[in-house]
Amino acid sequence: IYRGRVKFNGEEDKSTLNAANNYAISLTNTLRFKEAKSLLRKTMPVARRVLGDSTDTTLRMRWLYAVALYDDDGALDDLREAVTTLEELERIARRVLGDAHPNTRGIEVALQEAREALRACEAQDAFRTAHTKLAAQTLADASAKPSPDA
């Protein structure tokens, strides 16, 4: 449907942007996060330019993009981008939709999950770094000791 909308209506048409969002939802529901991220990277700037930052379609696209970032492979940079995006979206959603709106609540939950994933990834990264430094220091210490044969 999305490709048909692009062909007949152009990529800046509201129905095309809605179709892109629906397609991205389908991609994430089937765990095809890389494809969803690629599609959303292409369509989010168009939605922001054509519809504005505060519209339902734009908010949902950016929310979905952030979820795809932290649900994919959990790379540290992707998790940081997801948290930053969701923090911005939470402020916009509160201002535009209000605290009680389901999308505001959903963004809050996604932000909590992204922050948890980021903390876990940072802790794992810190452990790996400490482990590598310790191993290097142990090797250096072992190399610096005189051998018993000397």
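In what follows, the structure referred to is the one given above.
Before going into details, it helps to say that this report is about the structure given with it. (Residues numbered from 1 in each chain as written. Predicted model: local features only at pLDDT ≥ 70, side-chain atom pairs only at ≥ 80, totals over all residues. Heavy atoms only, no water.)

1. A short note on the nonpolar core
Soluble, globular proteins show a tendency: their nonpolar side chains are buried together.
Here is step 1: In this structure, L40, M61, Y70, A82, L86 and A114 are the most contacted members of the largest nonpolar core, which totals 34 residues.
Here is step 2: Secondary structure elements with two or more residues in this core: helix 2 (14-29), helix 3 (33-51), helix 4 (56-71), helix 5 (76-96) and helix 6 (102-144).
Here is step 3: Sequence-distant contacts of A82, defined by excluding residues within four places in its chain, comprise A66, L69, Y70 and A114. (Core = buried A, V, L, I, M, F, W, Y, C linked by side-chain atoms within 4.5 Å. Buried < 20%, exposed > 50% of the residue type's maximum accessible area, 1.4 Å probe, protein only. Helix = DSSP H or I, 4+ residues; strand = E, 2+ residues; numbered from the N terminus. Contact = heavy atoms within 4.5 Å.)

2. What about the packing of aromatic side chains?
Here is step 1: Evaluated as defined, the whole model comprises one aromatic pair.
Here is step 2: Between the aromatic rings of Y2 and Y23, the centroid separation amounts to 6.2 Å while the plane-to-plane angle is 20 degrees, which identifies the pairing as stacked. In this pair, Y2 is assigned in helix 1 (residues 2-9) and Y23 in helix 2, connecting sequence segments 21 residues apart.
Here is step 3: Its relative accessible area of 10% is what places Y2 among the buried residues. (Phe/Tyr/Trp six-rings, centres within 6.5 Å; stacked < 30°, edge-to-face > 60°.)

3. Considering unusual backbone geometry
Here is step 1: With a phi angle near 65 degrees, L31 is a residue other than glycine that sits in the positive phi range.
Here is step 2: Position of L31 among the secondary structure elements: in the loop between helix 2 and helix 3.

4. Brief notes about the pattern of salt bridges
Here is step 1: Enumeration according to the criterion identifies 15 salt bridges in this entry.
Here is step 2: Two residues, R32 and E35, come together in a salt bridge whose shortest N-O distance is 2.8 Å.
Here is step 3: For E35, a relative accessible area of 39% corresponds to the partly exposed category.
Here is step 4: For R94, the salt bridge is made with E90, and the minimal N-O distance between the two is 3.1 Å. (Salt bridge = Lys/Arg side-chain N within 4 Å of Asp/Glu carboxyl O.)

Interpretation in functional terms is not warranted from these geometric data alone.
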